[in-house]
Amino acid sequence: MAGGISIHAVDVASGRPAQGLRVEIWRIDPDSVRVADGRLGANGVLDHSVAQGAGVTAGEYEVLFHLGEFFGGSDGFLTVTPFRFRIKNVDEHFHLPLKFTRWGYSLFRGA
């Protein structure tokens, strides 16, 4: 897949995809624009046109994972988990896997 930003999230404590987790993708530099806002599907993937490159330009980005909301508001330790990264070549695809529990997370650029 060329271009775009894809998200895949798994709650590793339960061993299940993070169905319903709210995710926002913002381009924060050179200007602040929300590129995507949605909830992950049953497979833990964000089904949005940003995955095919819609709205993706060079710049700095921030993805916000709303983990507190996912775990029922005040029931968890984490609230909103940010992930910042830079896109120089818009033809490259940026796959961002998130593995998490109520207490911690791992984020990285996947293949």
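Every value quoted in this text rests on a predicted model; they were computed, and no experiment measured them.

Draft legend 1. How the structure looks around the sheet that holds strand E2 (residues 16-17). Strand order in the open sheet formed by four strands is E2-E1-E7-E8, with mixed pairing between adjacent strands. One side of each edge strand has no neighbouring strand; the edge strands of this open sheet are E2 and strand E8 (105-107). Pairing analysis gives seven bridges linking strand E1 (residues 5-11) to strand E7 (residues 94-100), with the strands arranged parallel. Bridge pairing in E7 places Ile 7 opposite Leu 96.

Draft legend 2. Representation of the pairing of strand E5 (residues 59-65). Of all seven residues that make up E5, six are buried, and the element is covered over most of its length. Bridging between E5 and strand E6 (residues 81-87) involves seven bridges; their strand directions are antiparallel. Residue pairing in the sheet places Leu 64 in a bridge with Pro 82 of E6.

Draft legend 3. Geometry of the sheet that holds E5. Strand order across the open sheet formed by four strands is E4-E3-E5-E6, with antiparallel pairing between neighbours. A single partner strand is all that each edge strand has here, and the edge strands are strand E4 (33-39) and E6. Sheet twist, expressed as the average angle between the axes of neighbouring strands with direction ignored, equals 15 degrees.

Draft legend 4. Structural context of the pattern of salt bridges. On inspection of all chains with the given rule, the structure shows nine salt bridges. Residue Arg 27 is joined to Asp 31 by a salt bridge in which the shortest nitrogen-to-oxygen separation is 3.1 Å. The exposure class assigned to Arg 27 is buried, which follows from its relative accessible area of 10%. One salt bridge in this structure joins Arg 86 and Glu 60, with 3.9 Å as the shortest N-O distance. One end of the pair, Arg 86, is in strand E6; the other, Glu 60, is in strand E5, with 26 residues separating them in the sequence. Among the residues examined, Arg 86 registers a relative accessible area of 53% and is labelled exposed.

What counts, and at which threshold
Residues numbered from 1 in each chain as written. Predicted model: local features only at pLDDT ≥ 70, side-chain atom pairs only at ≥ 80, totals over all residues. Heavy atoms only, no water. Pairing = 2+ DSSP bridges. Helix = DSSP H or I, 4+ residues; strand = E, 2+ residues; numbered from the N terminus. Buried < 20%, exposed > 50% of the residue type's maximum accessible area, 1.4 Å probe, protein only. Axes fitted to C-alpha atoms, helices over the stretch in contact; angles between N-to-C directions. Salt bridge = Lys/Arg side-chain N within 4 Å of Asp/Glu carboxyl O.

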